[in-house]
Amino acid sequence: MSQPPKKNAFVIHAFKQQPPKDTDMPVRSWKKLHEAITQIFNEDAGALSFEELYRTGYNMVLHKHGDLLYQNVEELFRERSVALCEKAERNPDETFLASLKRLWLHYKRSLLMVRDILMYMDRTYVKMNKKRPVFEMGLAIFCQHCTRTTRVKDRIRTLLLHLIHMERNGDKVDRDLIRSITQMLKDMGDVVFAEDFEQPFKAASQEYYMVESVQLISTSSTPEYLRKVEVRLQEEAERVKACLFIDYGSGEGGIKQVVEDELIGRHMHTLVEKEGSGLVFLLEEERIPDLARMSDLLSRVAGGQDLLESKMAEHVTAQGREVVQSPEHQADPLLYVHKLLALKDKYDGIIASAFRGNKSFTNKLHKSFEAFVNLNPRAPEYISLAMDSHLRGSKAKFSSAAANSSEEQAETQLEKALQMFRFVQEKDLFEKYYKQHLARRLLGDRSQSEDMERKVIQMLKTECGYQFTAKLEGMFKDINTSRDLQLAFRQHVDKTETDAGLLDLSVKVLTTGYWPTQPSAPCQLPPVLDRACALFKRFYLAQHNGRQLTWQSNMGNADLKARYDKSYLINIPSLHMVVLLLFNQATSPLSCKEMEEATSIPLVELKRVLQSLACGHHKLLVKEPKGKDVADADTFSFNEKFTNKMIKFKVASIAAQRETTDEVQASRNKMNEDRNPQIDAAIVRVMKSRRVMDHNNLIAEVTKQLQARFNPNPMVMKKRIEGLIDRDFLQRQRGNIKTYEYLA
């Protein structure tokens, strides 16, 4: 088999000599680009082929002529910038900025076109040699040789600030021109913008508003000034946002702070303290919109809100002192509490509406109330009386609700009164008075609502803890137990007693320690009442062996049937009944001394009883001589001329709701004695846990533990520490008498 013939292989041979280099190519290329760029700057680029120009630049870079191209473009930009600068400088001030704007916008457009032509150089040569891109180079050259030359830079700054000054004065200016020039400076870089415009702008703004604020503050009231400032700030913020390319809300040192410091911070003390229109005036007049504006503006400057808070607290404290120290208010506990609650409501409303419920203002208000409420040592008593008035359902001077007010209204008023309780430091003293008033309500069946009573106790428990209300809850337990006991006693009487003359006796058995009972002075009860009491005592002790009953005759009341012009059914306190029954056998007027001997009622208490019976609203007795006060030698007789429209009525004790000065002092002495064991217990608790402690820290820690009930006196605590040392609970550390050690 024959093979096919082989074909000859095709071989390519290299040129035997290199083609000659085109040495004129860089010159021709640059000449072509130079002419094109010049046409672009002269706004005569319509006939240019950008594709061909791009290839020209591409070839120069490709053939290692990037240095030449870059340097030539840089020189061309420099020449153009110098020419534009000279052209701009020839314009007068009236047209300088407008001319510069036109030149700049044309130059910027031309740079963008040149950048597109030389894009390959930007991508390769510029990156490799870490040069600035064409567009940025053009901006930098224009900045150096035009906008930042001394004459141009100064004119730009002066004319820009002049336009802004004119607009602030109400003149209409070309905002678009301002925006374009500031944009030009911004394009030059943040450093150029800050040095050539932003910093001079802040300085000019500071000077402008300093002068304006001084003029305004001298001719305007505080509300007028603040309204003008509010408008100024809105205008400035809008201007900056619209055409100045500055962050208006920038932090410290920004234009916002500069303007606010000049308009507000410089004059904030004058604004707040201005006579007849400052903060005190606005608070007294309750000018909510003006107060809200003041709070909003002053909170923008350093120390502004603190100034407002302190001045408000000073004013509230001054008003509170007037209430607390007023003799008129001190004479009327209900009016006293009413004024304090009205003051609290007023400023709570102002803080909620004008100060947007700011917690700092609320805390300042509470500290102010705590300061002046405790100036009156009888504040706990007065607050308890105010709450007692509502819980009894009677008309209170500090409430718009009448005696028949709904439970919801009464609860609202009680919650307000409880707000005053929170400011009281001697809460144990309040507990004492509240217990006394609660006892009167429970024993006299005067409480408006048992549910309301329990709600108040629950509020007190939430505020002060279980221990604070334990005895109060025990009082309610005694009342409920007494109801069951009374039912059992009546059933016992029905079964065992046949005497039709036996009194209908209702007894409430009180647990010693729960109730604010005092040692009862012996009172000579009428025989019929004495017999009924003895019967109940036998019944009770038969059921509860080992217990002891002590009759509190001063805490009871009785329904007494009396005949004057007609028969009346009179509800009177027990001691009043004992005195009235003396006149069943009396044939002549009785003196105060004679009644004291016959009843064994203490003279002070007897005088109150007689004052109620002879000088009160219902004059059941006639006093000789006439007068409101009762003397030892005064005589009393049955008032046969007494008459009343009501068949059934009540005679209340004329004893004052408030304690007398002597009683207050006695109560305080007793309270101080009761506090001593609590102080001892707190000291021992602290020392047992710490083992060793110096005097100052011990005093601070004990005060912290006890302040929920009262503020202990440091001198008293020092005495109690000495007592505990004497009783070997503590000892002084050897070598350091100010440090104590706990003895196990």
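For the structure, see preceding data.
What counts and what doesn't
- Within every chain, residues take consecutive numbers counted from 1 along the sequence as written.
- At least 70 in pLDDT is required for a residue's local features to be given in this predicted model, at least 80 for side-chain atom pairs to be given and counted, and no such filter applies to totals for whole chains, interfaces and linings, which use all residues.
- The side-chain figures draw on all heavy atoms in the structure; neither hydrogens nor water molecules are used.
- Segments assigned H or I by DSSP are reported as helices when at least four residues long, segments assigned E as strands when at least two residues long, and all are numbered from the N terminus.
- Each radius of gyration is computed over the set of C-alpha atoms, and the globule rule expresses the reference value as 2.2 Å times the number of residues to the power 0.38.
- Contacts are residue-level and defined by heavy atoms, with any inter-residue pair within 4.5 Å sufficient.
- In short, Shrake-Rupley with a 1.4 Å probe defines the accessible areas, and a residue's cover is counted only from the protein chains shown.
- His is not counted, nor are the chain ends; Lys and Arg add positive charge and Asp and Glu add negative charge.
- Charge positions are represented by NZ for Lys, CZ for Arg, CG for Asp and CD for Glu.
- Here the rule is simple: two strands pair whenever DSSP picks up at least two bridges between them.
- Axes here refer to lines fitted to C-alpha atoms; in helices the fit is confined to the stretch in contact. Angles between the N-to-C directions go from 0 to 180 degrees.
- Pairing of aromatic rings covers Phe, Tyr and Trp, the last through its six-membered ring, and needs centres within 6.5 Å; plane angles under 30 degrees mean stacked, over 60 mean edge-to-face, and all others mean tilted.
- Burial classification: accessible surface area is computed with a 1.4 Å probe over protein chains only, and a residue below 20% of its type maximum counts as buried, one above 50% as exposed, and the rest as partly exposed.
- For a Lys NZ or an Arg CZ to count as sitting over a ring, it must be within 6 Å of the ring centre and within 35 degrees of the ring normal.
- Note that the term roughly parallel is reserved for angles under 35 degrees, roughly antiparallel for angles over 145, roughly perpendicular for angles of 65 to 115, and oblique for everything else.
- We count a salt bridge whenever a side-chain nitrogen from Lys or Arg sits within 4 Å of a carboxyl oxygen from Asp or Glu.
- The patches reported here contain residues having more than 30% relative accessible area and no salt bridge. Joining distances are 9 Å for like charges and 5 Å for nonpolar side chains (Val, Leu, Ile, Met, Phe, Trp, Tyr).
- Put simply, a nonpolar core is a bunch of buried Ala, Val, Leu, Ile, Met, Phe, Trp, Tyr and Cys residues held in one set by side-chain atoms that sit within 4.5 Å of each other.
- Polar here means any residue other than Ala, Val, Leu, Ile, Met, Phe, Trp, Tyr, Cys and Pro, which are nonpolar, and Asp, Glu, Lys and Arg, which are charged; Gly is therefore polar.

Peer 1: Looking at this model, I keep getting lost on the overall build of the protein chain. Mind explaining?
Peer 2: Counting secondary structure elements, the protein chain contains 30 helices and nine strands. Computed over its C-alpha atoms, the radius of gyration of the protein chain comes to 48 Å, more than 25% above the 27 Å expected for a compact globule of 744 residues. Each of the three principal axes of the protein chain carries a C-alpha extent, and together these read 160 × 95 × 75 Å. Within the protein chain, contacts between residues separated by at least 24 positions form 70% of all contacts whose residues are at least 6 apart in sequence. Split by element, the accessible area of the protein chain, about 40600 Å² in all, is 50% carbon and sulfur. Seen as two clouds, the 110 positive and the 101 negative side-chain charges of the protein chain have centres 4 Å apart.

Peer 1: Can you walk me through the sheet that holds strand 5 (residues 635–638) in this structure?
Peer 2: Two orientations exist for strands paired in a sheet by backbone hydrogen bonds: parallel and antiparallel. Spatial strand order, 3-5-4: three strands in an open sheet with antiparallel pairing. Because the sheet does not close on itself, it has two edges, and the strands there are strand 3 (590–591) and strand 4 (621–624). For strand 3 and strand 5, the ladder comprises two bridges, and the chain directions are antiparallel. Bridging across to strand 5, Leu 590 finds its partner in Phe 636. Relative to strand 4, helix 27 (residues 603–615) is tilted by about 110 degrees, and along the sheet it contacts strand 4 and strand 5.

Peer 1: Looking at this structure, I do not really get the sheet that holds strand 7 (residues 692–694). What am I missing?
Peer 2: Spatially, three strands are ordered 7-9-8 in an open sheet, and the strand pairing comes out antiparallel. The open sheet has two edge strands, strand 7 and strand 8 (730–733), and neither has a second partner. The sheet shows a mean angle of 35 degrees between the axes of neighbouring strands, direction not considered. Against the sheet, helix 29 (residues 695–706) touches strand 7 and strand 9 (736–742), its axis set at about 95 degrees to strand 7. The sheet strands contacting helix 30 (residues 714–726) are strand 8 and strand 9, and the helix crosses strand 8 at an angle near 100 degrees.

Peer 1: Can you help me understand the packing of aromatic side chains in this one?
Peer 2: Any pair of aromatic rings gets described here by the distance separating the centres and the angle formed by the planes. Per the counting criterion, the structure on display carries 28 aromatic pairs. Arranged with centres 5.8 Å apart and planes meeting at 55 degrees, the rings of Phe 421 and Phe 468 form a pair that is tilted. With Phe 421 in helix 20 (residues 407–423) and Phe 468 in helix 23 (residues 466–496), this residue pair connects regions lying 47 residues apart in the sequence. In terms of burial, Phe 421 and Phe 468 fall into one category: buried. Measuring from centroid to centroid gives 5.7 Å for Tyr 568 and Phe 649, while their planes differ by 70 degrees, and the two rings are edge-to-face. Of this pair, Tyr 568 sits in strand 2 (residues 567–573) while Phe 649 sits in strand 6 (residues 648–650); the two residues are 81 residues apart in sequence, bridging distant segments of the chain. The exposure class assigned to Phe 649 is buried, which follows from its relative accessible area of 8%. Here the aromatic residues Phe 41, Phe 77, Trp 104, Tyr 107 and Phe 142 are joined through ring pairs into a cluster of three or more. Taking NZ or CZ as reference, Arg 168 lies 5.5 Å from the ring centre of Tyr 208, over its face. Residue placement shows Lys 432 over the ring face of Tyr 433; its charged tip is 4.1 Å from the ring centre.

Peer 1: It is not clear to me how unusual backbone geometry should be interpreted in this structure. Could you clarify?
Peer 2: Omega for the bond connecting Glu 624 with Pro 625 falls within 30 degrees of zero, at -5 degrees, which places this linkage in the cis form. Locating Pro 625 in the fold gives a position in the loop between strand 4 and strand 5.

Peer 1: What's the story with the packing of helix 4 (residues 93–117) against helix 7 (residues 150–168) in this structure? I'm lost.
Peer 2: Remark: helix 4 packs on helix 7, axes separated minimally by 10 Å, with the N-to-C direction vectors making an angle of 105 degrees. The pairing of helix 4 with helix 7 is recorded here as roughly perpendicular in orientation. Packed against helix 4, whose contacting residues are Asp 93, Phe 96, Leu 97 and Leu 100, the element helix 7 presents Val 152, Arg 155, Ile 156, Leu 159, Leu 160 and Leu 163 at the interface.

Peer 1: Any chance you could explain the pairing of strand 2 here in plain terms?
Peer 2: Buried residues dominate strand 2, accounting for five of its seven residues. In this sheet, strand 2 lies alongside strand 1 (residues 557–563) in antiparallel orientation, the contact comprising seven bridges. The partner of Arg 563 across the bridge, within strand 2, is Ser 567. Between the antiparallel neighbours strand 1 and strand 2 lie three residues. Sheet analysis places strand 2 next to strand 6, joined by three bridges and oriented parallel. Note that in strand 6 the partner of Asn 571 across the bridge is Lys 650.

Peer 1: Got a minute to help me understand the pairing of strand 8 in this structure?
Peer 2: Both strand 8 and strand 9 contribute to a ladder of four bridges, which runs antiparallel. Each residue of the ladder has a partner; that of Arg 732, found in strand 9, is Tyr 740. Counting the residues between successive antiparallel strands, the hairpin from strand 8 to strand 9 contains two residues, one of them, Gly 735, with a positive phi of roughly 85 degrees.

Peer 1: What's the story with the pattern of salt bridges in this structure? I'm lost.
Peer 2: Working definition: two side chains of opposite charge can pair if their charged atoms are close together. Evaluation of the coordinates by the stated rule reveals 53 salt bridges. Residues joined by salt bridges that share partners form a network here, namely Glu 167, Arg 168, Arg 175, Glu 236, Glu 238 and Arg 239.

Peer 1: Teacher, can you tell me more about a negative patch on the surface here?
Peer 2: A grouping of Glu 284, Glu 285, Glu 286 and Glu 322 is seen on the molecular surface, where their side chains present a negatively charged patch. Look at Glu 286 and you get partly exposed, because its relative accessible area is 44%.

Peer 1: Explain the nonpolar core here, please?
Peer 2: Considering soluble globular proteins, one finds that nonpolar side chains tend to be buried as a cluster. Of all hydrophobic cores here, the largest spans 142 residues; its most connected members are Phe 77, Ile 156 and Phe 197. In contact with Phe 197, not counting residues within four places along its chain, are Leu 160, Leu 161, Ile 164, Thr 182, Leu 185, Val 192, Leu 244 and Ile 246. Grouped together as the second largest cluster of nonpolar side chains are 46 residues, Leu 485, Val 493, Ile 572 and Leu 575 included.

Peer 1: Explain the environment of Val 716 to me, please; I cannot follow it from the model alone.
Peer 2: Here Val 716 lies in helix 30. Note: C-alpha distance between Val 716 and Ile 679 (37 residues apart in sequence) is 8.8 Å.

Peer 1: Where do I start with the environment of Arg 102 in this structure?
Peer 2: Inspection of the secondary structure assignment puts Arg 102 in helix 4. Relative accessible area serves as the criterion here: at 54%, Arg 102 is assigned to the exposed category. Residues Arg 102 and Pro 589, 487 residues apart in the sequence, show an inter-C-alpha distance of 119 Å.

Peer 1: Just to check I follow, could you spell out the packing of helix 2 (residues 50–62) against helix 4 for this structure?
Peer 2: A packed helix pair is summarised by two numbers, namely the angle formed by the two axes and the spacing between the axes. Axis separation between helix 2 and helix 4 bottoms out at 8 Å; the angle between their running directions is 60 degrees. With respect to helix 4, the element helix 2 is oriented oblique. Contact residues: helix 2 offers Phe 50, Leu 53 and Tyr 54, while helix 4 offers Met 113, Asp 116 and Ile 117. Residues of the contact of helix 2 with helix 4, tallied by class, amount to five nonpolar, no polar and one charged.

Peer 1: Honestly, the environment of His 65 in this entry has me stumped. Any pointers?
Peer 2: Considering the arrangement of structural elements, one finds His 65 in the loop between helix 2 and helix 3 (66–89). Linking His 65 and Gly 138, residues 73 residues apart in sequence, is a C-alpha distance of 20 Å. Contacts of His 65, omitting those with residues within four sequence positions, involve Met 25, Pro 26 and Met 60.

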